[in-house]
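Per-entry structural report
Below, each chain spelled out in residue letters.
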Amino acid sequence: MNNLNWLTYFIIILASYRLTHLIVFDKITEFIRKPFLKKEKIIDDKGNEHIKNVPTSKFGYLLNCYWCAGVWSAIIIAISYMFIPTIAWPVIFILSIAGAQAIIETFVGVGTKVTKWFTDQ
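Quick look at the structure, then. Predicted model, so just to flag it, every value in this text is computed and none were measured. (Residues numbered from 1 in each chain as written. Predicted model: local features only at pLDDT ≥ 70, side-chain atom pairs only at ≥ 80, totals over all residues. Heavy atoms only, no water.)

Some details on helix H1 (residues 6-24)
If you check H1, its first and last C-alpha atoms are 27 Å apart, about what 19 residues at 1.5 Å a residue would give, namely 27 Å. Within H1, the full set of buried residues consists of Thr 8, Ile 11, Ile 12, Leu 14, Ala 15, Ser 16, Arg 18, Leu 19, Thr 20 and Val 24. (Helix = DSSP H or I, 4+ residues; strand = E, 2+ residues; numbered from the N terminus. Expected span 1.5 Å × (residues − 1). Buried < 20%, exposed > 50% of the residue type's maximum accessible area, 1.4 Å probe, protein only.)

Encoded structure:
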């Protein structure tokens, strides 16, 4: 742990970010979240009806809360890196690339939407 350089630390952060996003938001892991969530009708201030996924348990809340899942993702990534680095490092490396790509895509996507908005005006 004492010889952790800034680049490795940054890669671990990106991997944790991507793993958290994978657990909480991505369609591919919906089957994990689904048993712990129920659909509920919500009426907003304007009277519009929306369907919202509501956790049915504390574990469901964990899977639906970005901040909670982020802590556990960081713990899993860190412990894996410390105790089984030969297995964990390739996974961490791939998750970090995907995490960086997702962040870049967010900025590019926002830029594309802003550009489109200006051309539509």
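Looking at the pairing of strand E1 (residues 37-43)
As paired elements, E1 and strand E2 (residues 49-55) share seven bridges and run antiparallel to each other. Along E2, the bridge assignment pairs Lys 38 with Val 54. The hairpin formed by E1 and E2 contains five residues between the paired strands, and Gly 47 there has a positive phi angle of roughly 90 degrees. (Pairing = 2+ DSSP bridges.)

A short note on the side chain of Thr 20
By secondary structure assignment, the location of Thr 20 is in helix H1. On the accessibility criterion, Thr 20 (3% relative accessible area) is buried. Not counting chain neighbours up to four residues away, the residues in contact with Thr 20 comprise Tyr 66, Ala 69, Gly 70 and Ser 73. (Contact = heavy atoms within 4.5 Å.)

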